[in-house]
Amino acid sequence: MAGPLKTSEDTEIPQNVAWRPDDVFKQYRTPSTGRLLDDVVFHPEILDVIEKKIEEMDDELRALSMDIHDHPEIRFEEYYAHDTLTVFMRQHGFDVTEHYLLDTAWKATYAHGQDGRTIGINCEMDALAGIGHACGHNLIAMSGVAVACAVKAAMETFQLSGKICVLGTPAEEGGSGKVILLDRGAYEGMDACVMCHPAPGPQFSLSLSSSLAIQRAEVEYFGHTAHAALAPWEARNALDAAVLAYNNVSALRQQLKPTYRVHGVFEGRNWSHNVIPDYAKYIVGIRTPVLAELRPLVKRVVSCLEASALATGCRADIHTLDGTYDLRQNKVLGEETAHVFTSRYGPVNFAWGIGNASTDFGNVTYALPALHPSFAIPTVPGGSNHTVEFAKAAATMEAHRACLNVSKALAATSVRVLIDDGFFAKASIINVCLAFCF
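Residues numbered from 1 in each chain as written. Predicted model: local features only at pLDDT ≥ 70, side-chain atom pairs only at ≥ 80, totals over all residues. Heavy atoms only, no water.

Participant: Would you take a moment to explain the overall build of the chain for this structure?
Facilitator: For the chain, the helix and strand inventory stands at twelve helices and 14 strands. Relative to the compact-globule value of 22 Å for 438 residues, the chain shows a C-alpha radius of gyration of 24 Å, a close match. Once the C-alpha set of the chain is aligned to its principal axes, its extents read approximately 80 × 50 × 40 Å. Out of the 438 residues in the chain, the part that is buried amounts to 56%. In the chain, the share of contacts with a sequence separation of at least 24, taken over all contacts with a separation of at least 6, comes to 79%. Accessible area for the chain stands at about 18,500 Å²; split by element, carbon and sulfur atoms hold 53% of it. Here the chain contributes 36 positively and 51 negatively charged side chains, and the mean placements of these two sets differ by 5 Å. (Helix = DSSP H or I, 4+ residues; strand = E, 2+ residues; numbered from the N terminus. Rg over C-alpha atoms; globule rule 2.2 N^0.38 Å. Buried < 20%, exposed > 50% of the residue type's maximum accessible area, 1.4 Å probe, protein only. Contact = heavy atoms within 4.5 Å. Areas by Shrake-Rupley, 256 points an atom, 1.4 Å probe, with all protein chains shown as cover. Lys, Arg positive; Asp, Glu negative; His and termini not counted. Charge placed at Lys NZ, Arg CZ, Asp CG, Glu CD.)

This is the structure in structure tokens:
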């Protein structure tokens, strides 16, 4: 078994600062009583079985996480992770479908008893080019496996009917793998779906914040080359068009809500300082807190892109790419997970997490009852998601333990989805109402 975290009985756990690697705080207890609160937990004996199973698997889950962490693969190239995870799931009694709807996607299922509902669980696998698992997807993959195995143990122990469906989902980073799988029917038959994500935050904490909807736009500018000194008047400068588009967006940003995000980069080909470029590309990401606000903003950004082509005499080829939605955290699933988490593992907030980032799981939350909490891991200042420092943080023992804690809470919520008809009905009604409003 892995060693204990550094703790002290003399220090309270602050909730307004991020967990740092050198922090030493006392083990979490609920603030009001200083004891564990099994009275707020649905069937605490089920949670006991879930905890026991995950603790029994501690060493092999740690080895799995580190194996994926040490073999980072970018979007749609997660072949090592695919093979590693499918072998693991077979060894733990799941029926596995390899290369499910996408080359590096997979599905693992387990059914017990007669009929019953189906709980979906997602495992992300992809890393970031050049900086490895700097978004902690090794932890997400491990969590999905842990949740599935713990729910399976509870089903077998208490003879609960239902089905588990685990999806290995590639290409969250810029490939919208879940959107593709959703469109191809991978989520059909699921009654609810859960996963989690690491992020900076207070020690031992869980966050139920949302995330931003995002739309990506690409514009290619086509001009005409000329010698930059001999006859520049003969040219149509495509790089100028891209730079003007960038500056147009920067001017627009002054009139945008503080909750909006617009950001982008240039790309070129065969550029030389003494040749005026006849080609440039500007790629821009456009984000808003909810999908309904995104579409009007995209139109304003596209106008910025068109204007720069007009100003420079270049031709613009503009494409808006498939976007991802904001997270609609299911209120019923979230409240249940919060109850379980605060009873044994740590505090819950709505301020930290991945609220200012985006995820393709947002589209899943629009399609069915779903939950995507974030959990805190220790990070250094300036070392949040998508940094080399975060990749290091995702390999720490503290991050491993934090991930197992949220996995236990998600497993407990998942079991309740399977066996509590009233609970599931409430979770479903919320999604139906939101879909009608949208």
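Participant: Got a minute to help me understand the domain arrangement of the chain in this structure?
Facilitator: The parts lose accessible area when they come together, and the size of an interface is often stated as this lost area. For the chain, the domain assignment lists domain 1 (44–211 + 327–428) and domain 2 (213–323). Using C-alpha coordinates to define each centre, domain 1 is positioned 37 Å away from domain 2. The interface is formed by nine residues belonging to domain 1 together with eight residues belonging to domain 2. For the pair domain 1 and domain 2, the summed buried surface comes to about 590 Å²; carbon and sulfur atoms form 35% of the total. Our enumeration of links across domain 1 and domain 2 arrives at zero salt bridges. (Domains from an automatic or database assignment. Buried area = accessible area lost by both parts, 1.4 Å probe. Salt bridge = Lys/Arg side-chain N within 4 Å of Asp/Glu carboxyl O.)

Participant: Is there a simple way to think about the packing of helix 1 (residues 44–56) against helix 4 (residues 137–158) in this case?
Facilitator: For any two helices packed against each other, the geometry comes down to the angle between their axes and how far apart the axes lie. One way to put it is that helix 1 packs onto helix 4 with a least axis distance of 9 Å and a crossing angle of 130°. The angle between the axes of helix 1 and helix 4 places the two elements in the oblique class. Handedness of the crossing formed by helix 1 with helix 4: right-handed. When helix 1 is examined against helix 4, the residues Glu-45, Ile-46, Val-49, Ile-50, Lys-53 and Ile-54 are found in contact with a partner set consisting of Ala-146, Cys-149, Ala-150, Ala-153, Ala-154, Thr-157 and Phe-158. By residue class, the composition of the contact of helix 1 with helix 4 is ten nonpolar, one polar and two charged. (Axes fitted to C-alpha atoms, helices over the stretch in contact; angles between N-to-C directions. Parallel < 35°, antiparallel > 145°, perpendicular 65-115°, else oblique. Left-handed = near helix turned anticlockwise from the far one by under 90°. Nonpolar A, V, L, I, M, F, W, Y, C, P; charged D, E, K, R; others polar.)

Participant: Can you walk me through a nonpolar patch on the surface in this structure?
Facilitator: On the surface, Val-243, Tyr-246, Phe-266 and Trp-271 cluster together into a nonpolar patch covering about 350 Å² of accessible area. For Val-243, the position within the fold is in helix 6 (residues 238–253). (Patch = residues over 30% accessible without salt bridge, like charges linked within 9 Å, V, L, I, M, F, W, Y side chains within 5 Å.)

Participant: What am I meant to see in the side chain of Asn-330 here?
Facilitator: Turning to its location among the elements, Asn-330 is positioned in the loop between strand 11 (315–320) and helix 8 (331–344). Within the structure, the side chain of Asn-330 is placed 3.0 Å from the backbone nitrogen of Leu-333, a separation counted as a polar contact. In this structure, Asn-330 is in contact with Pro-369, Ala-370, Leu-371, Ala-427, Ile-430 and Asn-431, ignoring residues within four places of it in sequence. (Polar contact = N/O pair within 3.5 Å; in protein donor to acceptor, adjacent residues only side chain to side chain.)

Participant: Is there a simple way to explain the nonpolar core in this structure?
Facilitator: One recurring pattern in soluble globular proteins: nonpolar side chains tend to sit buried together. Counting residues in each nonpolar core, the largest one holds 72 residues, and the members touching the most others are Ile-50, Met-89 and Ile-164. Residues contacting Ile-50, with those up to four places away along its chain left out, are Ala-150, Ala-154, Lys-408, Ala-411, Ala-412 and Val-415. One finds Leu-252, Val-262, Leu-297 and Ala-309 within the second-largest nonpolar core, a separate group that totals 28 residues. (Core = buried A, V, L, I, M, F, W, Y, C linked by side-chain atoms within 4.5 Å.)

Participant: Could you clarify how one ought to interpret the packing of aromatic side chains in this entry?
Facilitator: When we look at a pair of aromatic rings, we describe it by the centre distance and by the angle of the planes. All told, the structure shown has eight aromatic pairs when counted by the stated rule. Taking 5.5 Å as the distance between ring centres and 55° as the angle between the ring planes, the aromatic pair formed by Tyr-246 and Phe-266 counts as tilted. Pair noted here: Tyr-246 is in helix 6 and Phe-266 is in strand 9 (residues 261–267), with a separation of 20 residues, a long-range link. Classification of Tyr-246 by relative accessible area gives partly exposed; the value is 37%. Taking relative accessible area as the criterion, Phe-266 reaches 34% and is therefore assigned partly exposed. With 4.8 Å between their ring centres and 65° between their planes, Tyr-325 and Tyr-366 make a pair best called edge-to-face. Pair noted here: Tyr-325 is in the loop between strand 11 and helix 8 and Tyr-366 is in helix 9 (residues 361–367), with a separation of 41 residues, a long-range link. Relative accessible area serves as the criterion here: at 25%, Tyr-325 is assigned to the partly exposed category. A residue is classified by how much of its surface remains accessible, and Tyr-366, at 15% relative accessible area, is buried. Through a chain of ring-to-ring contacts, the aromatic side chains of Tyr-246, Phe-266 and Tyr-282 assemble into a single cluster. (Phe/Tyr/Trp six-rings, centres within 6.5 Å; stacked < 30°, edge-to-face > 60°.)

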